[in-house]
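Reading the structure
The primary structure of each chain is shown beneath.
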Amino acid sequence: MTQVEIEYCVPCGFLDRAEQLQHALLEQFGERLDRVALVTGDHGVLTVTVDGERVWDKSEDEFDPDLVLRRVRPHVG
C-alpha cells in the first residue's frame, strides 16, 4: 500500500495547509492509502512525499491541492 508524508513548518503555521492536503488525499484515495502522516518540520518546509519520493514542494510549486492530487495519483495502486 501507498504511504504519504506531508512535512510542514510548525513555526510558519503551515498546519492548516498540511491538514487541507491530508484531507484532500484521504477523500480522493481513501482506502488505497496505507497512511497519510503529518510530519513536523521547520525552515519553511511544506512537502509531500509518496513512498519516500518527493512529489511536491512548496518551494518549487504554488500551493494547489489539485496539483498535489495529480502528482500523487500515479503512485496509488
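Our structure is the block above this text.
Residues numbered from 1 in each chain as written. Predicted model: local features only at pLDDT ≥ 70, side-chain atom pairs only at ≥ 80, totals over all residues. Heavy atoms only, no water.

Before going further, it helps to spend a moment on the packing of helix α1 (residues 15-29) against helix α2 (residues 65-72). Orientation of α1 relative to α2, taken along the N-to-C sense of each, is 50 degrees, at an axis distance of 10 Å. The orientation of α1 with respect to α2, classified from their angle, is oblique. The chirality of how α1 crosses α2 is right-handed. Of the residues in α2, those touching α1 at Gln20, Leu21, Ala24, Leu25, Gln28 and Phe29 are Pro65, Val68, Leu69 and Val72. Partitioned by chemical class, the residues of the contact of α1 with α2 number eight nonpolar, two polar and no charged. (Axes fitted to C-alpha atoms, helices over the stretch in contact; angles between N-to-C directions. Helix = DSSP H or I, 4+ residues; strand = E, 2+ residues; numbered from the N terminus. Parallel < 35°, antiparallel > 145°, perpendicular 65-115°, else oblique. Left-handed = near helix turned anticlockwise from the far one by under 90°. Contact = heavy atoms within 4.5 Å. Nonpolar A, V, L, I, M, F, W, Y, C, P; charged D, E, K, R; others polar.)

The full count for this structure, using the stated rule, is three salt bridges. Residue Asp57 pairs with Arg54 through a salt bridge whose shortest N-O separation is 3.4 Å. (Salt bridge = Lys/Arg side-chain N within 4 Å of Asp/Glu carboxyl O.)

Another aspect to go through is the packing of aromatic side chains. Tallied over the full model, the rule gives one aromatic pair. Judged by centre distance (6.2 Å) and plane angle (70 degrees), the ring pair of Trp56 and Phe63 falls under edge-to-face. Note that Arg17 overlies the ring of Phe63, its terminal NZ or CZ placed 5.2 Å from the centroid. (Phe/Tyr/Trp six-rings, centres within 6.5 Å; stacked < 30°, edge-to-face > 60°. Lys NZ or Arg CZ within 6 Å of the ring centre and 35° of its normal.)

On to the environment of Gln22, then. Position of Gln22 relative to the elements: it lies in helix α1. Residue Gln22 is classed as buried on the basis of its relative accessible area, which comes to 19%. What Gln22 contacts, discounting residues up to four positions off in sequence, is Ile6, Val36 and Leu38. (Buried < 20%, exposed > 50% of the residue type's maximum accessible area, 1.4 Å probe, protein only.)

Looking now at α2. Of all the positions in α2, only Pro65, Leu67, Val68, Leu69 and Val72 are classed as buried. The residue sitting at the N-terminus of α2 and contributing the capping side-chain oxygen is Asp64; that oxygen lies 3.0 Å from the backbone nitrogen of Asp66. (Polar contact = N/O pair within 3.5 Å; in protein donor to acceptor, adjacent residues only side chain to side chain.)

The next subject is the environment of Leu67. Position of Leu67 relative to the elements: it lies in helix α2. Taking the C-alpha atoms as reference points, Leu67 and Trp56, eleven residues apart in sequence, are found 8.4 Å from one another. In this structure, Leu67 is in contact with Trp56, Asp61 and Glu62, ignoring residues within four places of it in sequence.

Moving on, we get to the nonpolar core. Of all hydrophobic cores here, the largest spans 23 residues; its most connected members are Val4, Ile6, Leu25, Val48, Trp56 and Val72. Of all the secondary-structure elements, those providing two or more residues to this core are β1 (2-9), α1, β2 (33-41), β3 (46-50), β4 (53-57) and α2. The biggest single contributor to this core is α1, with five residues. Other than its neighbours up to four places away in sequence, Val4 contacts Leu25, Leu33, Arg35, Val36, Ala37, Val48, Thr49 and Val50. (Core = buried A, V, L, I, M, F, W, Y, C linked by side-chain atoms within 4.5 Å.)

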